[in-house]
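Chain by chain, the residues:
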Amino acid sequence: MGQGGEAPHLRLGAVTEVVSELGDGGTSWALRALSAFLADHPERYGLYVDVEGTFYPPAAVAAGVPLDRILLVRASELLVGLRAVELGLRGGVVRVAVVSVPSGTAPIRPALYHRLRQRVRDASGALVVVSSQTFVPADVRVCLG
């Protein structure tokens, strides 16, 4: 899925986890997937949750992400960011969300995961979780590195 220069495509209604160490291309993969998703759904917006403050707009643009179509949430805590994902998907304008999980973060509680997954399905959207270790019981898992 999404090898080489090919843009990765996300499954509607699914949670995709990208597991990679720093420098292995996890964020790049997620940005290319976000770009492809937004190109396929021009009437919708994306949400990018950045807990560590590492979102770099020039890298997003280089991956083809239209900055005028993403909402950037710089959350001080991961749970605040995940709540933003829930609210964004519920509102209907956001159809895809990318969450960058800080290294060493414990997996989320099953109840929260199931609520997020249901929100993704209800919105016919997609959720991408980028982490250095398995974080959620995802529908699709991409391992890089």
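Scroll up a little and you will see the structure.
Enquirer: Got a minute to help me understand the pattern of salt bridges in this structure?
Expert: Oppositely charged side chains are able to pair whenever their charged atoms sit close together. Following the criterion strictly, the structure yields eight salt bridges and no others. Its salt-bridge partner being E43, residue R44 comes within 3.8 Å of it at the nearest N-O pair. On the basis of relative accessible area, R44 is assigned to the partly exposed category, the value being 28%. Since its relative accessible area comes to 48%, E43 is described here as partly exposed. Here R83 ties to E86 by a salt bridge, and the two come within 3.8 Å at their closest N and O atoms. Of this pair, R83 and E86 both sit in helix α3 (residues 78-91), three residues apart, which is roughly one turn of the helix. For R83, a relative accessible area of 38% corresponds to the partly exposed category. Each of E43, R44 and R95 takes part in salt bridges that share partners, so that together they form one network.

Enquirer: Please explain the packing of α3 against helix α4 (residues 110-122) as it appears in this structure.
Expert: For any two helices packed against each other, one specifies the inter-axial angle together with the distance between the axes. Put simply, α3 and α4 touch, their axes get as near as 9 Å, and they point 30° apart. Put simply, α3 runs roughly parallel to α4. Every pair of crossing elements has a handedness; the one defined by α3 and α4 is left-handed. Contacts from L79, L82, V85, E86, L89 and R90 of α3 reach α4 at L112, R115, L116, R119 and V120. Counted by class, the contact of α3 with α4 contains seven nonpolar, no polar and four charged residues.

Enquirer: Can you help me understand the side chain of E17 in this one?
Expert: Within the secondary structure, E17 sits in strand β1 (residues 14-19). Assessed through its relative accessible area of 0%, E17 is described here as buried. From its side chain, E17 meets the backbone nitrogen of V136 in a polar contact 3.1 Å long. At 2.6 Å, the side chain of E17 and the side chain of R141 are in polar contact. Those residues within four positions of E17 in sequence are excluded, and the remaining contacts are V129, S131, Q133, T134, F135, V136, A138, V140, R141 and V142.

Enquirer: Please clarify how the sheet that holds strand β5 (residues 126-131) should be interpreted in this entry.
Expert: Sheet strands associate in pairs through backbone hydrogen bonding, adopting either a parallel or an antiparallel arrangement. Within the open sheet, the six strands sit side by side as β3-β2-β4-β5-β1-β6. Their pairing is parallel. Unpaired on one side and paired on the other, β3 (70-74) and β6 (140-143) mark the two borders of the sheet. With strand direction ignored, the average angle separating the axes of adjacent strands in the sheet is 15°. Summarising the sheet, strand β2 (residues 45-50) and strand β4 (residues 94-100) pair through six bridges and their orientation is parallel.

Procedures and definitions
Residues numbered from 1 in each chain as written. Predicted model: local features only at pLDDT ≥ 70, side-chain atom pairs only at ≥ 80, totals over all residues. Heavy atoms only, no water. Salt bridge = Lys/Arg side-chain N within 4 Å of Asp/Glu carboxyl O. Buried < 20%, exposed > 50% of the residue type's maximum accessible area, 1.4 Å probe, protein only. Helix = DSSP H or I, 4+ residues; strand = E, 2+ residues; numbered from the N terminus. Axes fitted to C-alpha atoms, helices over the stretch in contact; angles between N-to-C directions. Parallel < 35°, antiparallel > 145°, perpendicular 65-115°, else oblique. Left-handed = near helix turned anticlockwise from the far one by under 90°. Contact = heavy atoms within 4.5 Å. Nonpolar A, V, L, I, M, F, W, Y, C, P; charged D, E, K, R; others polar. Polar contact = N/O pair within 3.5 Å; in protein donor to acceptor, adjacent residues only side chain to side chain. Pairing = 2+ DSSP bridges.

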